[in-house]
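Coordinate analysis (summary)
Below, each chain spelled out in residue letters.
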Amino acid sequence: MLLTLLMVVVEVMVGEVVAAPVPAMQAPNVSIVVHVRRRQEHFWEPWQLNSNVCPHYLCTPLNMPNREEAGGGVTPLPPTYKPRGTGATAQRVILRAFKHITQRSCITFRKKNGSDADYVRFISDHGCWSLIGRKGGKQVVSVGRGCENIGTAVHEIFHSLGVWHEQARKDRDEFVEILEENISERFLKDFDKISEHVSTSRGFPYDYGSVMHYSKFAFTRNGKPTIKVIGVGRELGLVLRQRHGLSTIDMAQLRDMYRCNLYSDSRDSSCPDDWLKHDASCYRFFDRPKLSFPAADRKCAQLNSHLVFIETQREDKFLAGYLWREFPSLLVWRTGGRVVNDTMKWHRRDSNPGDLGYSNWGRGEPSTRTSLVLERDHRTNVTLWVGVWTGSMRSRRDYVYPFVCERRARRRCLPLAHADGRDYRGTLDHTVDGHTCQKWTEHYPHPHNLTDRGANASPLQDEEDRHRVREDGEGLGDHNFCRNPRAMRRGRPWCFTTKRHPEWQLCDVSSCQSASSGSG
C-alpha cells in the first residue's frame, strides 16, 4: 500500500469521532470504482456497487478539480442532493472497523467535539468511497448499501488515513500485470501509478493480500480479469481476494506511518545512567575530546552504541534545540548520518562498510566518503546539515569535532528460565528497530521452513484473543509475536520482519540471567 500522513477526525450518526495521532498532509484524491453486473464473491466489491456514482461531495469543482478520478466523468449530482444518514447496519460495521484498526495500531477514534475543525463524517450515500488523505474541515466517507462489511469499511477508512491503492505503487509492474484490454475505457486512469513524490511504500514489499488492493476483476468491461498476478506472487500462488481485514503488511505499514512501534518502545523502555532519553533512543554527548570520524565511531562502539543517526524531523528538531541550549559555544557536531522518509542514509556501523554517505552537500569533498555534521551559524543561530570530508590519515586532525552517540532504549529484563529467551511467550510483535514482525504462519515476504502456511488464519481475530491461538512447543503459531525457535536459535527472541530489508531482526526481549552481559 502507498502511504501519506495525516490525522483524521470522524463523525458518525452514532456520534462524532476523532482519530489520532497527528502527522502530515497530502492533497486529497478519490477512490471510486465502476459497476459490472456480475458478482465475484459472497459480498459485492466496491467497484461492483458504485454504478455511475459521482457524489456531490466528490464531484463539485471545489472539491474535485479532476472529475475523471472521481467517477470517470459521470454527471455530478445537483447541489440540492442530500445524502442519507448512516443506517444501523453500516454503523455496526464502522464501529467494528474502528476496533479492528485500533487493536492493530496506535490509531484511536473518539467522538468529535466542538473544537475539532477537521473531521470525517460517515454517511450511507450511493456506493463506497472516500477521499485519500486529509482534506480539512468536514470530510465525507460513504459506506452505502451493499458496502456493509468490515473489509470494505476498513478500506475506506484507510483511504481517509492517507493510504492509496496497493496496485498504484510505482514498482507494481514487477508483481502484477494490468490487462488494459479488459478494463472499461473511462476507468483506465484509475490504474495509473502514483508518483513517489506523492506517496511511498516506505520499504515494504508488494502486498498481494492488502485490503487496499484492487480485486482480480476490478473495473472489468467484459467479465474477464483486469489484473494478473506475476512475479513472486505467481511463484508462491498468491491471489487477489482479501476483503476481510488488514493483512500483516497493511498493519505494519500503518504502524510505520504513524510511528506506533516507536511510541510503544518509548513508553516501555529506559536508558542507562549518564544517557539522555528522547522517544525510544538514548543519547550521550561528548564535547571533549573532539575526535575524527573513525575515532568517534570507535568510541561509540565501545559503549554499545553508534554515532547518532537522525531518522525523523522530530529527532532532528530535538537534537538541534538541545545542543543549542546546553552547548551554546559549540557550533559543529559530528553525526553518523540522517534518514528522512527512508530516502537518505549515511554511515552506520551496521550498514555496508563502504556506504558512508552521499556527496554534493553544501560543503565537503565531492566524494562518497563524506559524513554529516550539525552546524549552527553563529550570526543567525540557524542549525543546518552540512557535509564534511571524513579525512585522510594525514588530514584527520583538521576534521575533529564533538560528537553524539546513540543507542536504543531498552525494556526491563524478564525473569525467563533461559538466558536466550527461548521460553518467552509474551506478545511483543516488533523488533529493536521498530519493524513489525511477519506472522510465523506466513511465508511472504520472507520464506522459511519453521511452520506450515496459515491458509485458514482469520485476519479478524480480536487482539485480546491473539495470545490464545494454538502454539507449538517452540511458541510458534498463527501470530507475529517474537520467539526464539530451536531450528533457528539466536541470542534472544527475534522475528522475520515485514520490510524487504532486513529479513529478520532481534526483539527487545532479554532475560535477567544475561542482563549484566547484554550488548545494549
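Attention in this report is confined to the structure presented alongside it. The model shown is predicted, which means the values in this text are computed figures rather than measured ones. (Residues numbered from 1 in each chain as written. Predicted model: local features only at pLDDT ≥ 70, side-chain atom pairs only at ≥ 80, totals over all residues. Heavy atoms only, no water.)

**Points about the pattern of salt bridges**
Opposite charge on two side chains permits pairing when their charged atoms draw close. As a reminder of what qualifies: When a carboxyl oxygen of Asp or Glu is within 4 Å of a side-chain nitrogen of Lys or Arg, the pair counts as a salt bridge. Only DSSP runs of H or I covering at least 4 residues are called helices, and only runs of E covering at least 2 are called strands; the numbering of each starts at the N terminus. Only protein chains enter the accessibility calculation, which uses a 1.4 Å probe. A residue is then buried if its area is under 20% of the maximum for its type, exposed if over 50%, and partly exposed in between.
Considering all chains together, one arrives at 23 salt bridges under this definition. For aspartate 508, the salt bridge identified is with arginine 410, shortest N-O distance 2.5 Å. Of this pair, aspartate 508 sits in the segment after strand E22 (504-506) while arginine 410 is found in the loop between strand E20 (401-408) and strand E21 (494-496), placing the two residues 98 residues apart along the sequence. Grouping residues by exposure puts aspartate 508 and arginine 410 together as buried. A salt bridge links glutamate 474 to arginine 489; its shortest N-O distance comes to 3.5 Å. With glutamate 474 in the loop between E20 and E21 and arginine 489 in the loop between E20 and E21, this pair connects stretches of sequence that are 15 residues apart. By relative accessible area, which is 17% here, glutamate 474 ends up buried. Judged by relative accessible area, which is 30%, arginine 489 ranks as partly exposed. One continuous salt-bridge network, built from bridges that share partners, spans Asp265, Arg267, Asp268, Arg408, Arg410, Arg411 and Asp508.

**What about the environment of isoleucine 150?**
Within the secondary structure, isoleucine 150 sits in helix H5 (residues 150-160). Each C-alpha atom, one on isoleucine 150 and one on glycine 245, is 6.6 Å from the other, the two residues being 95 residues apart in sequence.

**Considerations on the packing of helix H4 (residues 88-103) against H5**
What counts, and what does not: Geometry is summarised by axes, namely lines fitted to C-alpha atoms with helices restricted to the contacting stretch, and by angles between N-to-C directions that run from 0 to 180 degrees. Oblique is the label for any angle not under 35 degrees, not over 145, and not in the 65 to 115 range, which are roughly parallel, roughly antiparallel and roughly perpendicular in turn. Crossings are assigned a handedness: left-handed for a near helix turned anticlockwise from the far helix by less than a right angle, right-handed for a clockwise turn. What makes two residues a contact is simply this: any of their non-hydrogen atoms within 4.5 Å. Residues were grouped as follows: Ala, Val, Leu, Ile, Met, Phe, Trp, Tyr, Cys and Pro as nonpolar; Asp, Glu, Lys and Arg as charged; and all remaining residues, including Gly, as polar.
The interhelical angle for the contact between H4 and H5, taken along N-to-C directions, is 65 degrees, at an axis separation of 9 Å. The orientation of H4 relative to H5 falls into the category roughly perpendicular. In this structure, the crossing between H4 and H5 has a hand that is right-handed. Of H5, the residues touching H4 (which contributes Val93, Arg96, Ala97, Phe98, His100 and Ile101) are Ile150, Ala153, Val154, Ile157 and Phe158. Of the residues that constitute the contact of H4 with H5, the class distribution is nine nonpolar, one polar and one charged.

**Considerations on the nonpolar core**
One broad rule of soluble globular proteins: the nonpolar side chains tend to lie buried together. Note the following rule: By nonpolar core we mean a set of buried residues, namely Ala, Val, Leu, Ile, Met, Phe, Trp, Tyr and Cys, connected to one another through side-chain atoms within 4.5 Å.
Judged by nonpolar contacts, the single largest core of 28 residues is most densely connected at Ile101, Phe122, Val154, Ile157, Phe158, Leu254 and Tyr258. Counting only elements with at least two residues in this core, the list comes to H4, strand E6 (119-123), strand E8 (138-143), H5 and helix H7 (248-258). Here the element with the most residues in this core is H4; it accounts for six residues. Non-local contacts of isoleucine 101, meaning those with residues more than four positions away in its chain, are made with Ile107, Phe109, Val154, Ile157, Phe158 and Leu254. Within the second largest apolar cluster, 18 residues are counted, among which are Phe187, Phe191, Ala218 and Ala252.

**Here's the deal with helix H8 (residues 260-268)**
One full turn of an α-helix is made of 3.6 residues, so residues set three or four places apart face in the same direction. For H8, the complete set of buried residues consists of Cys260, Asn261, Leu262, Ser264 and Asp265. Structurally, H8 contributes buried residues whose contacts are with H7 and E20.

**Some words on the environment of isoleucine 132**
Residue placement: isoleucine 132 occurs in strand E7 (residues 128-132). Placed 26 residues apart in sequence, isoleucine 132 and phenylalanine 158 show a C-alpha to C-alpha distance of 8.2 Å.

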